[in-house]
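Observations on the three-dimensional arrangement
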Amino acid sequence: MRQRSTLITIVCAAAACGYVAVDGLFPIQAQTRAASAAAVPSVIGSLEATGPYEVVPNWPKDLSTTPGNEKWTFGAGQGVFAESPDRVYYIQRGSLPVIPPQGRGGAGISAPQVAPNLAFPVAGLWRNATQASPPGALFRPGTEQPGDDSDRGKNGADFLWANCILVVNRNGDIIENWTQWDKMLRRPHSVYISPYDPQKHVYIVDDYRHAIFKFTNDGKQLVKTMGTPNMHGSDPTHFYRPTFMAFNTDGSWYVSDGYANTRVVKFDKNDNYVTAWGERGTNAGQGAKPETRPNYFNNVHGVGVDPQTREVYVNDRGNRRIQVFDENGKFIRMWSMQPGPTGLDLHFVHIDADRRVWVFDQVSQQLAQLDREGRLINAWGGLGSWPGALFGVHGISVDQEQNLYLAAVGRGGVQKFRPRQGANPAYLVGKHVYSAWK
């Protein structure tokens, strides 16, 4: 592998020493969990590394077990959506080389060219998949033409731009691979099906293409494209690095737009533009004082909808806060997520059918449950490569049997969790709203 990837691995391993916290809750507005509020009340003395869940082993089966991919494994796991336990959509940023097993005696692979006495794996971590996976620079140097990703290495050696859209069944078998769309994508970011669409079209947000692609359920046809691929802007027909979507009860939907734009865009149930809101904040980057004004954003990296009130929750990631609006963009309230230069780094905001609010923090590597005013209810997780570890969780979904799916850009791939026997149902991620189909 490239020296850059090796150095990144060292950084990840160092981070592991500081961030492996199995059930170390982070403060949110000075709220803490009661000592008796166990995820599984009948279990005594458990640190609850995976909270109210247990990880399903060998799910999915490794990509290298499929014909033609013997040398490749999962890349940065961007998104997941469970249509059913037998049809789980998973998207990733290409594939990464299979790392060979440890050397004799389990001593690992020596890397003296990097540091004396260094061997891999370190602290149970191999690599940061989001750093090892393409794409590279958004634009070619000095232009606004799409980059060719050669700055990430050589396609076919350092990475393989293939296997971006996979469908997995309950046994972990990869039952579909939408290879016909790989070349159209550049940085697939999230995947959805509207709960109000009986035809179950599949939406994929690609932030580097500045577009949202809508496919038939079987992936054979591209039905519609929202945005203008490879052309960025901030108007009804353009995005600038959009990130996530959420659906309202009338079938309308919202997209957080995004890494470069600082707005939320609303479309109707027929995918027609309705409105947009949001202004660019004054936050100048890491270490800067967060923006505090309502309706101002920096890095709009998540959106969710309360199925009862129709309120829209927006992850203002750059300012470490959640802002809440009515369905047409009128500001209602907001809360800060541990403000300050060492605050949290949220990957998404997710609201389930039970109106529970979920976020994932990239600093503590924990999945956290909040109430609708931002108070912490419960959290679990920890950095590592052990089964169930959470390293850069970026996508979340739940099927009709309440199995939980988490895609991770850091760890790479996607994991499936099932509720533990006796788990407190109040701490489980609720199911999706399934209105038009079951």
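The paragraphs below set out a description of the structure included in this document.

The next point concerns the layout of surface pockets. Computed from the structure, the second largest pocket encloses a volume of approximately 830 Å³. What lines the second largest pocket is a set of 28 residues, among which Asp62, Thr73, Phe74, Arg411 and Gly412 lie closest to the centre. Counting residues per element, the ones that place at least two in the lining of the second largest pocket are β2 (72–74), β5 (95–97) and β30 (414–419). The dominant element in the lining of the second largest pocket, judged by the number of residues it contributes, is β30, at three residues. Looking at the lining of the second largest pocket residue by residue, the classes come out as 16 nonpolar, seven polar and five charged.

The next thing to look at is the sheet that holds β30. Adjacent strands of a sheet form backbone hydrogen bonds with each other and so pair up, either parallel or antiparallel. Spatial ordering of the open sheet is given by β1-β30-β29-β28, a layout of four strands whose pairing is antiparallel. On the outer flanks of this sheet lie β1 (53–55) and β28 (393–398), each paired with one strand and no other. Adjacent strand axes in the sheet meet at a mean angle of 30° when their direction is disregarded. Relative to β30, β1 runs antiparallel, the two being bridged by three bridges. Along β30, the bridge assignment pairs Glu54 with Arg418.

When you line up the elements, Asp173 lands in the loop between β8 (165–168) and β9 (174–177). When its relative accessible area of 25% is taken as the criterion, Asp173 is described as partly exposed. Once the C-alpha coordinates of Asp173 and Pro60 are considered, the two residues, 113 residues apart in sequence, prove to be 6.3 Å apart. Those residues in contact with Asp173 that lie beyond four places of it in its chain are Lys61, Val167 and Val168. Separated by 2.6 Å, the side chains of Asp173 and Lys61 make a polar contact.

Let us now look at the pattern of salt bridges. Under the definition given, this model contains 23 salt bridges. For Arg170, the salt bridge is made with Asp86, and the minimal N-O distance between the two is 3.2 Å. Here Asp86 lies in the loop between β3 (77–84) and β4 (87–92) and Arg170 lies in the loop between β8 and β9, a separation of 84 residues in the sequence. For Asp86, a relative accessible area of 37% corresponds to the partly exposed category. Taken together, the shared-partner salt bridges in this structure form one network comprising Glu83, Arg87, Glu176 and Lys200.

Analysis parameters
Residues numbered from 1 in each chain as written. Predicted model: local features only at pLDDT ≥ 70, side-chain atom pairs only at ≥ 80, totals over all residues. Heavy atoms only, no water. 1 Å grid on protein atoms, 1.4 Å probe; cavity = no way out; pocket = protein on both sides within 12 Å on 5 of 7 lines; lining within 4 Å. Points joined across faces, edges and corners; volume = space filled by probe spheres on them. Helix = DSSP H or I, 4+ residues; strand = E, 2+ residues; numbered from the N terminus. Nonpolar A, V, L, I, M, F, W, Y, C, P; charged D, E, K, R; others polar. Pairing = 2+ DSSP bridges. Axes fitted to C-alpha atoms, helices over the stretch in contact; angles between N-to-C directions. Buried < 20%, exposed > 50% of the residue type's maximum accessible area, 1.4 Å probe, protein only. Contact = heavy atoms within 4.5 Å. Polar contact = N/O pair within 3.5 Å; in protein donor to acceptor, adjacent residues only side chain to side chain. Salt bridge = Lys/Arg side-chain N within 4 Å of Asp/Glu carboxyl O.

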